[in-house]
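Below, each chain spelled out in residue letters.
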Amino acid sequence: MPCVFCAVVAGEAPALKIHEDDDFLAILDIRPFTRGHTLVIPKRHTVDLTDTPPETLAGMVGIGQRIARAARATELADATNIAINDGRAAFQTVFHIHLHVLPRRNGDKLSVAKGMLVRRDPDREATAKILRDAVARIDASQQD
């Protein structure tokens, strides 16, 4: 199945553009969670965090920050959520990496982080070791 974001980047699918430069496109989400919900999309197709260069991620965040700042300068936002849904289990539905910029208003009903404060890891030491070991393996494999 063709990538809808690649079609948008190529001008083959409609979108309301908020920002465009040589490397990125920012568009309004067609199914927004909040008014002004914007997607920052790299023009070069990658699927997720595992195959996206760090420079691309940094560029996405930089543009997301500018859009958040702009939204907060208007009636659209008092605050902002920024997120990347990385993989099907994380609710990624379009498999072309993109950053969500969600303008938030005091009193809105969106529950992005509902319940996060009551969750606890039953074995934080073991979890930390798993992640440290995995990072060390990845780092070692990239030096070969």
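Residues numbered from 1 in each chain as written. Predicted model: local features only at pLDDT ≥ 70, side-chain atom pairs only at ≥ 80, totals over all residues. Heavy atoms only, no water.

Let's talk about the UniProt feature "active site" (unreviewed entry) in the chain
In the numbering used here, UniProt assigns the "active site" (unreviewed entry) feature to His98. Of note, histidine 98 is situated in the loop between β4 (79-83) and β5 (99-104). Leave out the neighbours within four places in its chain, and histidine 98 touches Phe5, Leu39, Val40, Ile41, Met60, Ala83 and Ile84. Of the polar contacts made by the side chain of histidine 98, one reaches the backbone oxygen of histidine 96; its length is 2.7 Å. (UniProt positions renumbered as here; feature names shortened; annotations may be inferred. Helix = DSSP H or I, 4+ residues; strand = E, 2+ residues; numbered from the N terminus. Contact = heavy atoms within 4.5 Å. Polar contact = N/O pair within 3.5 Å; in protein donor to acceptor, adjacent residues only side chain to side chain.)

Notes on the pattern of salt bridges
Under the definition given, this model contains five salt bridges. The shortest N-O distance in the salt bridge between lysine 17 and glutamate 20 comes to 3.0 Å. Here aspartate 133 makes a salt bridge to lysine 129, at a shortest N to O gap of 2.6 Å. Of the two residues, aspartate 133 and lysine 129 are both situated in helix α3 (residues 124-143); the distance of four residues between them amounts to about one turn of the helix. Exposure remark for aspartate 133: the relative accessible area of 30% places this residue in the partly exposed category. In this structure, a network of salt bridges that share partners links the residues Lys17, Glu20 and Lys43. (Salt bridge = Lys/Arg side-chain N within 4 Å of Asp/Glu carboxyl O. Buried < 20%, exposed > 50% of the residue type's maximum accessible area, 1.4 Å probe, protein only.)

With respect to unusual backbone geometry
Only a minority of non-glycine residues have a phi that is not negative, and only a minority of peptide bonds are not trans. With a phi close to 75°, phenylalanine 91 is a non-glycine residue in the positive phi region. Along the polypeptide, phenylalanine 91 turns up in the loop between β4 and β5. Owing to a relative accessible area of 68%, phenylalanine 91 belongs among the exposed residues under this scheme.

Examining the pairing of strand β3 (residues 38-42)
Within β3, five of the five residues are buried, which leaves the element mostly enclosed by the surrounding structure. Residues Thr38, Val40 and Pro42 line one face of β3 and the alternating positions Leu39 and Ile41 line the opposite face, and both faces are buried. Bridge count between β3 and β5: three bridges; the pairing is antiparallel. Its bridge partner being in β5, threonine 38 is matched across the sheet by valine 101. (Pairing = 2+ DSSP bridges.)

Concerning helix α2 (residues 54-72)
Its 19 residues place the ends of α2 27 Å apart at the C-alpha level, agreeing with the 27 Å of an ideal helix rising 1.5 Å per residue. Within α2, burial applies to Thr56, Gly59, Met60, Ile63, Gly64, Ile67, Ala68 and Ala71. Contact partners of the buried residues in α2: β1 (17-20), β2 (24-28), β3, β4 and β5. (Expected span 1.5 Å × (residues − 1).)

Side note on the sheet that holds β5
The five strands lie next to each other as β1-β2-β3-β5-β4, forming an open sheet whose pairing is antiparallel. Only two strands of the sheet have a single neighbouring strand rather than two, namely β1 and β4. Put simply, the sheet's adjacent strands are angled 15° from each other on average, direction ignored. Strand direction decides the pairing type here: β1 and β2, joined by three bridges, are antiparallel. Counterpart to histidine 19 in the pairing with β2 is alanine 26. (Axes fitted to C-alpha atoms, helices over the stretch in contact; angles between N-to-C directions.)

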